[in-house]
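# Architecture at a glance
Spelled out from the first residue to the last, the chains are:
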Amino acid sequence: MGDQSHGIDTAILHRVAEEVHAIAESGVEVGIVIGAGNIFRGKGLADAGMDRVTGDHMGMLATVMNCLALQDAIESKGSICRVMSALSIHQVCEDYVLRRAIRHLEKGRVVIFGAGTGNPFFTTDSAGSLRAIEIQADVLIKATKVDGVYDSDPMKNPDAKRYDRLTYDEVLTQNLAIMDATAIVLCKEQNMPLRIFNLNKEGDLAKVVKDLSIGTSVVPGGDA
């Protein structure tokens, strides 16, 4: 969305695509989950009176629009990319099938997972956690607007404390708003390492895969 009120900022789109391409070119297997807050949020429609299931399905379809835009941008940089949707939309993308997704990754293709989990009431955070666990990712990276996890909102509190490392128990106990609770519990139960970083800082996406000093790491309790 960039600085726009809605929609897709093509400059941001191509910058992110370039950084994803750089990661893929380095030999790292890349899977991506995208939300659709730049278009609209299903929960927002539900709060305004629409049936929640209908709103969530509309939100899932909107994520596919973002997926297709990013796929086009990534392929323009030189990487092969596949969009796999949890909802069947055969004319524009593949159905999500775990073994096929893993095969794409093994062949060096970037895989973008669309339509969330395919179920209402589950957020993109939960979809990201689920897909990372299913493909047995080494780390789940959460892209945000801030450079890590803070004990309060750094946009409102200039004295907010930034954490370099946390455990999942600390995140849950302190009610730190990293991801929704379902996503956090999924990661905790499956020992999935999580890293949070600022997507708006140019170059950090290409670095965060290997540079542990970027962002905040959330790890199982015994690894803190």
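Residues numbered from 1 in each chain as written. Predicted model: local features only at pLDDT ≥ 70, side-chain atom pairs only at ≥ 80, totals over all residues. Heavy atoms only, no water.

Turning our eyes to something else, we now look at the sheet that holds strand β4 (residues 110-114). Neighbouring strands of a sheet are bound in pairs by backbone hydrogen bonds; such pairs are parallel or else antiparallel. The sheet built from 4 strands is open, its strands ordered β1-β4-β2-β3 with parallel pairing. Both outer strands of the open sheet, β1 (31-33) and β3 (94-95), are each paired with one neighbouring strand and no more. With 3 bridges joining them, β1 and β4 adopt parallel strand pairing. From the neighbouring strand, V33 faces β4, where its bridge partner is F113. Sitting on the sheet, helix α3 (residues 52-77) is in contact with β1, β2 (81-85) and β4, with an inclination near 170° to β2. (Pairing = 2+ DSSP bridges. Helix = DSSP H or I, 4+ residues; strand = E, 2+ residues; numbered from the N terminus. Contact = heavy atoms within 4.5 Å. Axes fitted to C-alpha atoms, helices over the stretch in contact; angles between N-to-C directions.)

Let's shift gears to the side chain of D125. Along the chain, D125 falls in helix α5 (residues 124-134). Using a relative accessible area of 17% as the deciding quantity, one classes D125 as buried. Of note is the side chain of D125, whose polar atom sits 3.2 Å from the backbone nitrogen of D180. Residue contacts for D125: discarding those within four places in its chain leaves K142, M179, D180 and A183. (Buried < 20%, exposed > 50% of the residue type's maximum accessible area, 1.4 Å probe, protein only. Polar contact = N/O pair within 3.5 Å; in protein donor to acceptor, adjacent residues only side chain to side chain.)

Once that is clear, we can look at the pairing of strand β10 (residues 216-219). Neither face of β10 is exposed, since T216 and V218 on one face and S217 and V219 on the opposite face are all buried. The pairing of strand β9 (residues 194-198) with β10 spans 3 bridges and is classified as antiparallel. Directly across from R195, in β10, lies its bridge partner S217.

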